[in-house]
Amino acid sequence: MTSSKKTATVIVLGGPSGTGKTTIGLMLADKLQCPFVEGDSLHPAENINKMGNNIPLTDTDRWPWLTQISRQSVQAAVASTTSHLSVVSCSMLKAIYRDYIKSENPFLQSDDVAVKFVFVFLHCRFEDGLKRVGGRESHFFKADLTKSQYDIMEIPAGDRILGLSPSGSELPIDTTNKKPEVILTEILEKLAYFKALE
Ligand SMILES: Nc1ncnc2c1ncn2[C@@H]1O[C@H](COP(=O)(O)OP(=O)(O)O)[C@@H](O)[C@H]1O
Ligand SMILES: O=C(O)[C@H](O)[C@@H](O)[C@H](O)[C@H](O)COP(=O)(O)O
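Quick caveat: nothing in here was measured; it's all calculated off a predicted structure.

Here we come to the site of ligand 2. Ligand 2 sits among 15 residues. The nearest are D40, H43, R62, S91 and Q149. Here S17 contributes a side-chain N or O atom positioned 2.8 Å from an oxygen atom of ligand 2. At a separation of 2.5 Å, an oxygen atom of ligand 2 approaches a polar side-chain atom of D40. Isolated, ligand 2 exposes 400 Å² of accessible area, and the fraction of that covered by the protein chains is 97%. Placement of ligand 2 is best described as lying within the largest pocket.

Next up on the list: the side chain of S89. Positionally, S89 belongs in strand β3 (residues 85-89). You can call S89 buried: its relative accessible area is 3%. A distance of 2.9 Å separates a polar side-chain atom of S89 from the backbone nitrogen of G39. Those residues in contact with S89 that lie beyond four places of it in its chain are L13, K21, F36, V37, E38, G39 and I69.

Reading the values: the criteria
Residues numbered from 1 in each chain as written. Chains lettered and ligands numbered in written order. Predicted model: local features only at pLDDT ≥ 70, side-chain atom pairs only at ≥ 80, totals over all residues. Heavy atoms only, no water. Near = heavy atom within 4 Å. Polar contact = N/O pair within 3.5 Å; in protein donor to acceptor, adjacent residues only side chain to side chain. Areas by Shrake-Rupley, 256 points an atom, 1.4 Å probe, with all protein chains shown as cover. 1 Å grid on protein atoms, 1.4 Å probe; cavity = no way out; pocket = protein on both sides within 12 Å on 5 of 7 lines; lining within 4 Å. Sits in = over half its atoms within 2 Å of the grid points. Helix = DSSP H or I, 4+ residues; strand = E, 2+ residues; numbered from the N terminus. Buried < 20%, exposed > 50% of the residue type's maximum accessible area, 1.4 Å probe, protein only. Contact = heavy atoms within 4.5 Å.

Put into structure tokens, the structure is as follows:
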């Protein structure tokens, strides 16, 4: 019997502050003709206040935000009748956050919709990230917090990496000294090579 399940794919573009999530995310969504969800817009006010006061978020602060990241990005992908795709930006620094995003998929138990998450993790040298965050005007996330992100960051490794195992769904991208256009091409080539969007 063939499955009549509708499939939708969410590309979660992650990495620490200043690594290019918003810049590359907008370009990727434009290229794939799909909606882009800005993860920063999904924080509760308390999280924005905390980060604005240079206080790093705790796991407890992050769970409700990650729930919204999952729900909003999945809804956007399912609603996109042309591409069945969406791109969402979210730092998703630890492996447990990536797992949590998967677990909060609103169609997890659905017989009608199958959702796939592909986690593309952008990373660069601490000094470069720091410089880029410092150059951003009027953003609630200040450079002082960048160190706290590098302290806990888990770049995908081992059998989590796309293509290394059937369960692998994560793709690390080193953005050091690469222009946004070059990074975009690398992401698209790797997604195609691993047949990640099929
Ligand atoms: N590959 C890159 N090379 C140089 N500058 C970049 C690159 N990617 C992003 N930037 C710049 O760095 C700053 C932070 O980028 P942004 O996309 O807001 O990062 P994030 O969303 O990950 O915090 C912006 O001013 C952006 O123009
Ligand atoms: O793009 C950025 O500058 C950061 O990613 C930031 O905007 C993001 O919302 C926080 O990083 C969330 O908190 P954590 O990254 O500490 O989970």
